Amino acid sequence: MKDHYSFLAPFYNSLTKLVFGDQLMRAKTCFAERLKEKKVLIIGGGNGLDYQGFQGQLSGEYWEISNAMLSQARINLANSSLTFYLDFFEATEGKLFNEVWLHFVLDTMDENEIVDLLGKIRKSITLKGRIYLVDFYAPKNTRQYFLNWSMISFFRIFAKHKRANIPKYESILTCQKWNKDSQQEFMGGWVKAQLWHTV
Ligand SMILES: C[S@@+](CC[C@H](N)C(=O)[O-])C[C@H]1O[C@@H](n2cnc3c(N)ncnc32)[C@H](O)[C@@H]1O
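Residues numbered from 1 in each chain as written. Predicted model: local features only at pLDDT ≥ 70, side-chain atom pairs only at ≥ 80, totals over all residues. Heavy atoms only, no water.

### Quick word on the overall build of the chain
- A count of helices and strands for the chain gives six helices and seven strands.
- Counting from the amino terminus, helix and strand elements in the chain follow one another as α-α-β-β-α-β-β-α-β-α-α-β-β.
- Counting only C-alpha atoms and orienting by the principal axes, one finds that the chain spans roughly 45 × 35 × 30 Å.
- Burial analysis of the chain (199 residues in total) assigns 49% to the buried set.
- Within the chain, counting contacts between residues at least 6 apart in sequence, those at least 24 apart form 66% of the total.
- Counting only carbon and sulfur atoms, one obtains 55% of the accessible surface of the chain, whose full area is about 10100 Å².
- If you average the places of the 25 positive and of the 20 negative side-chain charges in the chain, the two averages end up 2 Å apart. (Helix = DSSP H or I, 4+ residues; strand = E, 2+ residues; numbered from the N terminus. Buried < 20%, exposed > 50% of the residue type's maximum accessible area, 1.4 Å probe, protein only. Contact = heavy atoms within 4.5 Å. Areas by Shrake-Rupley, 256 points an atom, 1.4 Å probe, with all protein chains shown as cover. Lys, Arg positive; Asp, Glu negative; His and termini not counted. Charge placed at Lys NZ, Arg CZ, Asp CG, Glu CD.)

### Details of the pairing of strand 1 (residues 40–43)
- Of the two faces of strand 1, the one holding Val40 and Ile42 and the one holding Leu41 and Ile43 are both buried throughout.
- As judged from the four bridges shared by strand 1 and strand 2 (residues 59–64), these two strands associate in the parallel manner. When the sheet's bridge partners are listed, valine 40 is paired in strand 2 with glycine 60.
- Relative to strand 4 (residues 97–103), strand 1 is paired through three bridges, and the arrangement is parallel. Across the sheet, leucine 41 pairs through a bridge with valine 100, a residue of strand 4. (Pairing = 2+ DSSP bridges.)

### Some thoughts on the environment of alanine 138
- Relative to the helices and strands, alanine 138 resides in the loop between strand 5 (125–136) and helix 5 (142–158).
- Considered as a pair, alanine 138 and serine 66 are 72 residues apart in the sequence and their alpha carbons are 27 Å apart.
- Other than its neighbours up to four places away in sequence, alanine 138 contacts Ile166, Gly189 and Trp190.

### A look at the site of the ligand
- In the region of the ligand, 18 residues are neighbours, and Tyr5, Lys28, Gly44, Glu64 and His103 sit closest.
- Measuring from a nitrogen atom of the ligand, one finds a backbone N or O atom of histidine 103 at 2.7 Å.
- Against a free-state accessible area of 590 Å², the protein chains account for coverage of 93% of the ligand.
- Taken together, the residues of the shell around the ligand break down into 10 nonpolar, six polar and two charged. (Near = heavy atom within 4 Å. Polar contact = N/O pair within 3.5 Å; in protein donor to acceptor, adjacent residues only side chain to side chain. Nonpolar A, V, L, I, M, F, W, Y, C, P; charged D, E, K, R; others polar.)

### Observations regarding helix 4 (residues 111–123)
- Here helix 4 contains 13 residues, and its C-alpha end-to-end distance of 19 Å stays within 8% of the 18 Å for a straight helix at 1.5 Å per residue.
- Taken residue by residue, helix 4 has Ile114, Leu117, Leu118, Lys120 and Ile121 as its buried positions. Along helix 4, the residues classed as buried sweep out an arc of 160° about the axis, all on the same side. In helix 4, the exposed residues that point more than 90 degrees away from the buried face are Asn112 and Lys123.
- Among the structural elements, strand 1, strand 4, strand 5, helix 6 (169–175) and strand 6 (178–186) are those in contact with the buried residues of helix 4. (Expected span 1.5 Å × (residues − 1). Arc of directions from axis to C-beta.)

### What about the sheet that holds strand 7 (residues 191–198)?
- Pairing is mixed in the open sheet, where seven strands are placed in the order 3-2-1-4-5-7-6. Strands at the two margins of the open sheet, each flanked by one partner only, are strand 3 (81–86) and strand 6. Within the sheet, the average angular offset between the axes of one strand and its neighbour, ignoring direction, is 15°.
- Two strands pair when backbone bridges link them, and strand 2 and strand 3 are joined in this way by six bridges, in the parallel orientation. From the neighbouring strand, glutamate 64 faces strand 3, where its bridge partner is leucine 86.
- The sheet strands contacting helix 4 are strand 1, strand 4, strand 5, strand 6 and strand 7, and the helix crosses strand 5 at an angle near 145°. (Axes fitted to C-alpha atoms, helices over the stretch in contact; angles between N-to-C directions.)

Laid out in C-alpha cells, this is it:
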C-alpha cells in the first residue's frame, strides 16, 4: 500500500497547530466522554497526538493506511489499550464498537468510498452506537475560503487527495439512514463535530 502521508507525517501536527491553533484538537475531543465504558473504533486517526491526554481510557481499534502516521500513533498512544492496524478497515462478524471516530478522514474519500465505509461501520456498531464525525464544512468568510482552497490544493499535491471539494456529509449520512444527535461548531461553523446514530 502506497503511503501518501510519508512526506507530511513528520510535520503534520506542527503545521495544523500553526494554522488552526488548538481548534481542531478541541473539535476532536469535545465529545470524548465516558470512554472507559466504550470500545472505540478510530479510522484514519493519523498520529493520534490529540488523543494522548486521555489515552489511558481508550480501548478498541485504530485503523490507518499510512505507515508513517500509524508508527507515530503507536508511540503517542502506547499507554492506551488500542490495537493498531495498517489497512483499510474491514468489519469482522461479532466484533462491535460503541463509537466510531471519523476525524478529518472522510474529506480524503470520494462519495463511493464514504458510502462503502458507512456500510462497514453499520455492521460494526452496537445498537446504540454512534459515529463521532469531525470535519471541515463550507467556509464562512473570505479568509476561510482562501485557506480552504489552499488546504485542498496542498493536500492534493502532497498527500494525493482525490477531492477538490468538501463532501456533502449530512446528505450522504442521512441518505445512508444515519441521524444527527448533537453538534458543536468551531471557527464559526467551518469545522463541525457531530454525533450520528443509526436510524
Ligand atoms: C487529513 S489526515 C487526518 C488525521 C487525523 N485524523 C487528524 O485529525 O489529525 C487523514 C488520515 O486518514 C488516513 N486515511 C485516509 N483514508 C483512510 C482509510 N480509508 N482508512 C484508514 N485511514 C485512512 C490517512 O492516512 C491520514 O492519516
